[in-house]
Amino acid sequence: MEILFNPTMLLLATAKDVAPVLVLLVLFQTLVLKRPIPRPGRIIFGFGLVLVGMTCFLGGLDLALFPIGRTMALQLAEGAQKGGMANWTAYGWVYLFAFLMGFSTTIAEPALIAVAHKAHEASNKAVSSWGLRIAVAIGVAIGITLGTFRIVTGTPLYLYIMAGYVVVVIQTVFAPRMIIPLAYDSGGVTTSTVTVPLVAALGLGLASNVPGRSPVIDGFGLIAFASVFPIISVLGYAQFVQRIVRRRNRKK
Amino acid sequence: MSLAILTKFSAALGRALLGASRDLAPIITIIALFQVLVLHQPFPELFSILTGLGLVIVGLALFVVGLDIGLFPLGETLAEEFARKGSLFWLLLFAFALGAGTTVAEPALIAVTREGTKAVAEAGLIENISASIDRYALGVRLTVALSVGAAIVLGVLRILRGWSLLVLIIGGYVLVMVMTLFAPKEIVGLAYDSGGVTTSTVTVPLVTALSVGLARTIRGRDPLTDGFGLIALASLTPMIFVMLFGTIVN
């Protein structure tokens, strides 16, 4: 196994991602708003930490988790096929792996950590940051599992997604108003740096091993699953909390 | 003085390191268990894996601390200044540049459009030669960047005017469903996926800081119900516009 880990290149690549944002912020603050940047040293230091942090994070993922996760997804997909049984129960390990992978990658997703942190603060601590992240992670886990089931059975993608949207619309009517924007947002933030590479590897591995599937057509689409189901689980979590609070109030 | 800052910083970093270890524990456990118990395989190159894990934990911790002292305060200050100055044009221009500029170079988006376009070419919708594939992929990427820019602008306008997020989102979903019926089948998967990959690790915290800051500064808006929802719009518009792009090019 040969891994090319080049810290300088990686740092440069991350800088290329972060620099436009920093330039944009500084330009607007100084030229358009004509305001000095408050505590510039502290903010530059913060940006430096984000830059170095992302570089270490991405480099470490490439070194430790991605290669082994990818091989594992491929081996599981192949193993299920060698089991000989064409029916969907032969894929038990694959489904379990998909579920656990969806959950654990979402817990490690930096963008979700940031949003949960902000939500906790914006709601005056009413929304628990850890509870939100677990709700999102369960949604992604269910979504990815259903997505692998779809690849194995070969049913059309839009059926699942549209059914998902219908559930979301119905839940929206009944869920507490304050959670709705946050729930919709969590659909978008889940699929990012950690989740996408591992999930895409699982999808591609499955699609190239299950007979009659095309990797290019069936391998994708898992990400769409991971964006719809967290909305359902976060709305569901809020409904559950609301019901408990109501019941407790009635008892009083 | 500087010593006090240093102790505060190391305390924050220590907390972040603990948090990062907790965040990464599930994924590490699951990979290890599957490797040993299900696949019955030893760990290849244990040393490089341990180094990698160390880097991941330190990286996540630094990222979280950096957000707190760099990205979040700057985003909120900008939002406050914009709200105080009340220059709508510049605020919307900033919102658009932030959305479109950070999306166009997003590595995940580049990967998804490249693979997706190959599928489109194999289906015979465009010529299966690299020149036309590259052109089509670039077209999809620019479409996605423009639609994310438009989404952030729409989201900021919503906070300012107090529009209902539900009307926007449900209207958007209806459009997605209508477009799904009319767009060429091969583009649908690519369009759905491109909605998910647009929001990057740097953009999300910054957009959230900006919108929560705006909602907090403007009277009559609530940071929780009005400050969130921009990411949702940014995942919705690319689906609509990519399907539109596919229909028009077809």
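Each chain has its residues counted from 1, running along the sequence as written. Whichever chain is written first is A, and whichever ligand is written first is 1; the rest continue in order. Where totals are concerned, whole chains, interfaces and linings use all residues; where local detail is concerned, this predicted model gives features only for residues with pLDDT of at least 70, and gives and counts side-chain atom pairs only at 80 or more.

A. Structural view of the overall build of chain A. Strands here mean DSSP runs of E at least two residues long; helices mean DSSP runs of H or I at least four residues long; both are numbered from the N terminus. A tally of regular secondary structure across chain A gives ten helices and zero strands. Of the regular secondary structure in chain A, the N- to C-terminal order runs α-α-α-α-α-α-α-α-α-α. When its C-alpha atoms are laid out on the principal axes, chain A stretches across 65 × 65 × 30 Å. Here exposure depends only on C-beta density: within 10 Å of a residue's C-beta, 20 or more other C-beta atoms make it buried, 12 or fewer make it exposed, and intermediate numbers make it partly exposed, the C-beta atoms being placed from the backbone. Looking at the 252 residues of chain A, the share that counts as buried comes to 53%. Contacts here follow a simple rule: the backbone-placed C-beta atoms of the two residues must lie within 7 Å. Taking as baseline every contact in chain A between residues at least 6 positions apart, the subset at least 24 positions apart corresponds to 82%.

B. Region of interest: the domain arrangement of chain B. Annotation comment: domain bounds sourced from an automatic or database domain assignment. Per the domain assignment, the segments making up chain B are domain 1 (1-72) and domain 2 (86-249). The C-alpha centroid of domain 2 of chain B is placed 31 Å from the C-alpha centroid of domain 1 of chain B.

C. Broad picture of the interface of chain A and chain B. Tallying the contact residues gives 83 residues for chain A and 84 residues for chain B. Those elements that place two or more of their residues in the side of chain A that touches chain B are helix H1 (7-32), helix H2 (40-82), helix H3 (92-107), helix H4 (110-122), helix H6 (157-174), helix H7 (180-189), helix H9 (215-218) and helix H10 (222-251) of chain A. It is H2(A) that provides the largest number of residues to the side of chain A that touches chain B, a total of 23 residues. Only Asp, Glu, Lys and Arg are considered charged, only Ala, Val, Leu, Ile, Met, Phe, Trp, Tyr, Cys and Pro nonpolar, and every remaining residue, Gly among them, polar. By residue class, the composition of the side of chain A that touches chain B is 58 nonpolar, 19 polar and six charged.

D. Here's a closer look at the environment of Phe96(B). All names here are of chain B. Relative to the helices and strands, Phe 96 resides in helix H3 (residues 88-104). Given 18 C-beta atoms within a 10 Å radius, Phe 96 is considered partly exposed. Taking the C-alpha atoms as reference points, Phe 96 and Val 153, 57 residues apart in sequence, are found 5.7 Å from one another. Ignoring any residue separated from it by four or fewer positions in sequence, one finds Phe 96 in contact with Gly 149, Ile 152 and Val 153.

E. Structural view of the domain arrangement of chain A. Residues and elements named next belong to chain A. Domain boundaries assigned for chain A yield domain 1 (1-84) and domain 2 (85-252). Distance from the C-alpha centre of domain 1 to the C-alpha centre of domain 2: 23 Å. The interface is formed by 14 residues belonging to domain 1 together with 16 residues belonging to domain 2. The residue makeup of the side of domain 1 that touches domain 2, split by class, is eight nonpolar, four polar and two charged.

F. Spatial organisation of unusual backbone geometry. Residue and element names in this part refer to chain A. Even without being a glycine, Asn 124 presents a positive backbone phi close to 55°. Tracing the chain through its elements places Asn 124 in the loop between H4 and helix H5 (129-153). On the basis of neighbour counts, which here come to 9 C-beta atoms within 10 Å, the residue Asn 124 falls in the exposed class. A positive phi is found at Lys 125, a non-glycine position, where the angle reads about 70°.

G. Region of interest: the packing of H7(A) against H10(A). All names here are of chain A. Put simply, H7 and H10 touch, their axes get as near as 7 Å, and they point 150° apart. Between H7 and H10, the angle is such that the two are roughly antiparallel. By crossing handedness, the relation of H7 to H10 is classed as right-handed. Contacts from Leu 182, Ala 183, Tyr 184, Ser 186, Gly 187 and Gly 188 of H7 reach H10 at Ser 227, Val 228, Pro 230, Ile 231, Val 234, Leu 235 and Ala 238. For the contact of H7 with H10, the class distribution of residues is nine nonpolar, four polar and no charged. The angle between two axes is taken between their N-to-C directions and runs from 0 to 180 degrees, where each axis is a line fitted to C-alpha atoms and a helix contributes only its stretch in contact. Here is the rule for angles: anything less than 35 degrees is roughly parallel, anything more than 145 is roughly antiparallel, 65 through 115 is roughly perpendicular, and the remaining ranges are oblique. What makes a crossing left-handed is the near helix being turned counterclockwise from the far one by less than a right angle; a clockwise turn instead makes it right-handed.

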